[in-house]
Amino acid sequence: MRNISICLLFFSLISLISAETHTWWFETGWVNANPDGVFERPMVGFNGSWPLPTLRVKKGDRVQLYLINGLDDKNTSLHFHGLFQHGTNQMDGPEMVTQCPIPPGETFLYNFTVEDQVGSYWYHSHTSGQYGDGMRGVFIIEDDDFPYEYDEEVILTLNEHYHDFSDDLHAKFMSRFNPTGAEPIPSNLLVNETRNNTWKVEPNKTYFVRIINMGRFVSQYLWMEDHEFTIVEVDGIYVEKNTTDLLYITVAQRYGVLITTKDTADRNYAMMNRVDIDMLDVIPDELELNGTNYIQYNEDADLPEPYLLDSIDDFFDDFYLKPLSNTTLFDDADYTITVDVQMDNLGNGVNYAFFNNITYTAPKVPTLMSVLSSGDQASNELVYGTNTNSFVLQKDDVVDIVLNNLDTGKHPFHLHGHVFQLIERHEPVDDDEDPVAFNSSDHAEWPEYPMLRDTVYVNPQSYIVMRFKVDNPGVWMFHCHIEWHLDQGLAILLIEDPEGIQSSASQQITDNHKQICEKVGVSWEGNAAANTKDFLDLTGEHVQFKRLPTGFTARGIVALVFSCIAGVLGMVAIAYYGMNEITDLEERVARDLDVDLDDDDVEIVNEGSSSSDGAYGGKQH
Ligand SMILES: *[C@@H]1O[C@H](CO)[C@@H](O)[C@H](O)[C@H]1NC(C)=O
Ligand SMILES: *[C@@H]1O[C@H](CO)[C@@H](O)[C@H](O)[C@H]1NC(C)=O
Ligand SMILES: *[C@@H]1O[C@H](CO)[C@@H](O)[C@H](O)[C@H]1NC(C)=O
Ligand SMILES: *[C@@H]1O[C@H](CO)[C@@H](O)[C@H](O)[C@H]1NC(C)=O
Ligand SMILES: *[C@@H]1O[C@H](CO)[C@@H](O)[C@H](O)[C@H]1NC(C)=O
Ligand SMILES: *[C@@H]1O[C@H](CO)[C@@H](O)[C@H](O)[C@H]1NC(C)=O
Ligand SMILES: *[C@@H]1O[C@H](CO)[C@@H](O)[C@H](O)[C@H]1NC(C)=O
Ligand SMILES: *[C@@H]1O[C@H](CO)[C@@H](O)[C@H](O)[C@H]1NC(C)=O
Ligand SMILES: *[C@@H]1O[C@H](CO)[C@@H](O)[C@H](O)[C@H]1NC(C)=O
Ligand SMILES: *[C@@H]1O[C@H](CO)[C@@H](O)[C@H](O)[C@H]1NC(C)=O
Ligand SMILES: *[C@@H]1O[C@H](CO)[C@@H](O)[C@H](O)[C@H]1NC(C)=O
Ligand SMILES: [Cu+2]
């Protein structure tokens, strides 16, 4: 008995000693690069280089990452995608949710441990659009007890690239001249932050490939000529092996796959990636939809030809993956959050995204700081404002999120601070039919061992049901990972166990963090309106634009668009959306808005309310 406890003590000491602290200092700044090989532009790098470094840690290690904002006119922040940040919510990254934005010249210390997680993750700026300008990198938590055999590990990132700066794309996107909310079209797809990527392999080997989509918009298909993928990990969760030859990967998702190479090295093979064209509003002729990359066995052999498939409909459905941990379906939900997703125009003519008619509008005080400063009122959702879509969750509850997608697009949803069980995903519903909503008294049979991950897609006009346990005190964002849609306000906040947050020493705002808030001019106390006296008084809070007046038809916006496109913007706007003909645009806008162009009874939107676009800045005066 005594020997056993000595042994236990010994091993726990060993694990304490072997837990390492990784201290990194990184300074953001612009770096010229030419990722797609056809256009050089500045990208956001670290310490003068881009792409950003791959960060590697081991389970249990501590990370101390000092982020110096070297950009001279932009705030920044850093999110470690998929990490639970248990007890360190303020290190999660999203600005105005868990932290104050880091202004130019300031340094923020991200200080946390990786505790019980292993697998493939990534890090990226959580300041509007910035990661699309390059501020993204791979984060790996190595596991000494990896459950499968392999010879070598390799990283494979997917991305899409834009020649224009995010801020410029954002301004045109969140504009009344883009009333249908057509997303900017990527310039090119990337693999490993480049094109025509060569992966050098050896025959007779098994590679463990960590595939990570670090894009901000489009899902990608990935397939390899005559090589199969055996899926063993999704979003940091080990799963029972399942083999496929075609993967579908939304932005922010990760797949860990085993690939066994051929037994001879006499030829090379193609590795193909393809954009999900259903997500694009227009497909410009010059956009290369299929990327060809190379699996190189033999330097002297010819490069492979593109390898095409007859159909890409038969991609692997992640719903059926089974976690290796055998985690069973959690108990019935104690609390259900039902949210409807919709895109629509507000009174300024701009197209926004809504959860239950609310477009997320950032509060004046980061929500975590409202929790910490609101004392015994922290459980009152009103404290967090009327436009943040905040839900307070009770410790240890099982929670379902029922998400009904009334929109005709697919959306990849990400929950911070958790992996969740995906317990139902309904098939897509065609545009010419009505959206189908979840019906609790008439639903599919739920799996015994549901798949677990941190990012899933919902099909067009369809729904998903997700389940998780309230076991991680903090303010966790749940949002569409399409950066454009997040800019449009497609987010809710889950405030888990507010008392648990308040009473934890490690959750208190660090001095460094307070200093950052002071420098950027954001209060670290108060409700959503920065009121520190009466936490239920929301006077002056940020709210979304007013809705279009009743009886107003979207026709007015169409009219406005045409008069303006014909005038000021002219061909610029048209070329920008990859449209060649005004009539083409006219039809598209009309179809998207579901209006009849022959009807010339036209109303004009109030042009006076055109300033301060954007979900992060939208204010109603
Ligand atoms: C990055 O630059 C900072 C100063 O700007 C320096 O302190 C740090 O050591 C550099 N980090 C690396 C990894 O080179
Ligand atoms: C990839 O190939 C295309 C031609 O297909 C070329 O224009 C481009 O520069 C190449 N990109 C890189 C990064 O090598
Ligand atoms: C940085 O954030 C602060 C606080 O939200 C804001 O006032 C300021 O305009 C931001 N700076 C930039 C350059 O966006
Ligand atoms: C990081 O956090 C740990 C735990 O709170 C603390 O002991 C350590 O001093 C912090 N690191 C720095 C550099 O402040
Ligand atoms: C992708 O890039 C990383 C980092 O440069 C490299 O280690 C890896 O081998 C590349 N992967 C492939 C599949 O080419
Ligand atoms: C691969 O393994 C097979 C069977 O063990 C063997 O016959 C072959 O020579 C190996 N190929 C190479 C290139 O080593
Ligand atoms: C791209 O790949 C898809 C699937 O393999 C194929 O159907 C399509 O014809 C390809 N397009 C081009 C232009 O090669
Ligand atoms: C593998 O995937 C298929 C469907 O793609 C599913 O039917 C099967 O249950 C899965 N098996 C495991 C062990 O994940
Ligand atoms: C999960 O169940 C399988 C049998 O289905 C068993 O072989 C395996 O050991 C179990 N794993 C764990 C972690 O319990
Ligand atoms: C959203 O607004 C519509 C129309 O005003 C209304 O019918 C619907 O009930 C609202 N939905 C929610 C969840 O509040
Ligand atoms: C939900 O399903 C039940 C049982 O099939 C049915 O009676 C009810 O009408 C459905 N509700 C809706 C809103 O479709
Ligand atoms: Cu979306």
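What you see is a predicted model; the values in this text were computed from it and never measured.

Chemist: When you look at the coordination of the copper ion (ligand 12) in this model, what are you seeing that I'm missing?
Modeler: Perfect tetrahedral coordination of a metal by four donors corresponds to 109.5 degrees between them, and perfect octahedral coordination by six donors corresponds to 90 or 180 degrees. Of the protein atoms, only His411 (ND1), Cys480 (SG) and His485 (ND1) coordinate the copper ion (ligand 12), at distances of 2.0 to 2.1 Å. Positions of the donor residues of the copper ion (ligand 12), expressed as sequence spacing, correspond to H-x68-C-x4-H. Note that histidine 411 is positioned in strand β24 (residues 411–415) and histidine 485 in helix α4 (residues 483–487), a separation of 74 residues in sequence. Exposure class is identical for histidine 411 and histidine 485. Each is buried.

Chemist: What's the story with the nonpolar core in this structure? I'm lost.
Modeler: In globular proteins that are soluble, nonpolar side chains generally tend to be buried together. Judged by nonpolar contacts, the single largest core of 83 residues is most densely connected at Trp199 and Ile211. Counting residues per element, this core draws most heavily on strand β18 (residues 269–275), which supplies five residues. Looking at which domains feed residues into this core, each of domain 2 (146–326) and domain 3 (335–520) supplies at least three. In this structure, tryptophan 199 is in contact with Val154, Tyr207, Val209, Met224, Ile259, Met271, Tyr294, Ile295 and Gln296, ignoring residues within four places of it in sequence. Counting residues in hydrophobic clusters, the runner-up holds 54 residues, among them Met43, Met91, Val383 and Leu493.

Chemist: Would you mind going over the site of ligand 7 with me for this structure?
Modeler: In the region of ligand 7, the neighbouring residues are Trp223, Arg274, Asn290, Leu308, Leu309 and Ile312. A distance of 2.4 Å separates an oxygen atom of ligand 7 from a polar atom in the side chain of asparagine 290. The separation between an oxygen atom of ligand 7 and a polar main-chain atom of leucine 309 is 2.6 Å. Looking at the shell around ligand 7, its residues break down into four nonpolar, one polar and one charged.

Chemist: Mind showing me how you'd approach helix α6 (residues 511–520) here?
Modeler: If you check which residues of α6 are buried, you get His513, Ile516 and Cys517. In an axial view of α6, the angular spread of the buried residues amounts to 100°, which keeps them on one side of the axis. Exposed and facing more than 90 degrees away from the buried side of α6 are Asp511, Glu518 and Lys519. Buried residues belonging to α6 abut β6 (107–113) and α3 (367–373). At the C-terminal side of α6, glycine 521 shows a positive phi close to 75°.

Chemist: So what exactly am I meant to see when it comes to empty space enclosed by the protein here?
Modeler: Over the atoms rolls a probe the size of a water molecule, and in doing so it shows where empty space is left. Applying the stated rule across the entire model yields four cavities of 30 Å³ or more. For the largest cavity, the calculated volume is near 70 Å³. Of all elements in the fold, only β10 (188–191) and β19 (290–296) reach the threshold of two or more residues within the lining of the largest cavity. In terms of residue class, the lining of the largest cavity is built from three nonpolar, eight polar and two charged.

Chemist: Please explain the environment of phenylalanine 80 as it appears in this structure.
Modeler: Relative to the assigned elements, phenylalanine 80 resides in strand β5 (residues 79–81). In contact with phenylalanine 80, other than residues within four places in its own chain, are Leu65, Gln85, Met91, Asp92, Tyr110, Phe112, Trp122, Tyr123 and Phe139.

Chemist: What is the right way to read the sheet that holds strand β29 (residues 474–480) from this model?
Modeler: Within a sheet, adjacent strands bond to each other through the backbone by hydrogen bonds, running parallel or antiparallel. The sheet built from five strands is open, its strands ordered β22-β30-β29-β24-β27 with mixed pairing. Edge positions in the open sheet fall to β22 (390–393) and β27 (455–458), since each of these has one partner strand only. Taking the axes of each pair of neighbouring strands and ignoring which way they run, one obtains an average angle of 20° across the sheet.

Rules behind the numbers
- Residues numbered from 1 in each chain as written.
- Chains lettered and ligands numbered in written order.
- Predicted model: local features only at pLDDT ≥ 70, side-chain atom pairs only at ≥ 80, totals over all residues.
- Heavy atoms only, no water.
- Donors = N, O, S within 2.8 Å, 3.2 Å for Na, K, Ca; no water.
- Helix = DSSP H or I, 4+ residues; strand = E, 2+ residues; numbered from the N terminus.
- Buried < 20%, exposed > 50% of the residue type's maximum accessible area, 1.4 Å probe, protein only.
- Core = buried A, V, L, I, M, F, W, Y, C linked by side-chain atoms within 4.5 Å.
- Domains from an automatic or database assignment.
- Contact = heavy atoms within 4.5 Å.
- Near = heavy atom within 4 Å.
- Polar contact = N/O pair within 3.5 Å; in protein donor to acceptor, adjacent residues only side chain to side chain.
- Nonpolar A, V, L, I, M, F, W, Y, C, P; charged D, E, K, R; others polar.
- Arc of directions from axis to C-beta.
- 1 Å grid on protein atoms, 1.4 Å probe; cavity = no way out; pocket = protein on both sides within 12 Å on 5 of 7 lines; lining within 4 Å.
- Points joined across faces, edges and corners; volume = space filled by probe spheres on them.
- Pairing = 2+ DSSP bridges.
- Axes fitted to C-alpha atoms, helices over the stretch in contact; angles between N-to-C directions.

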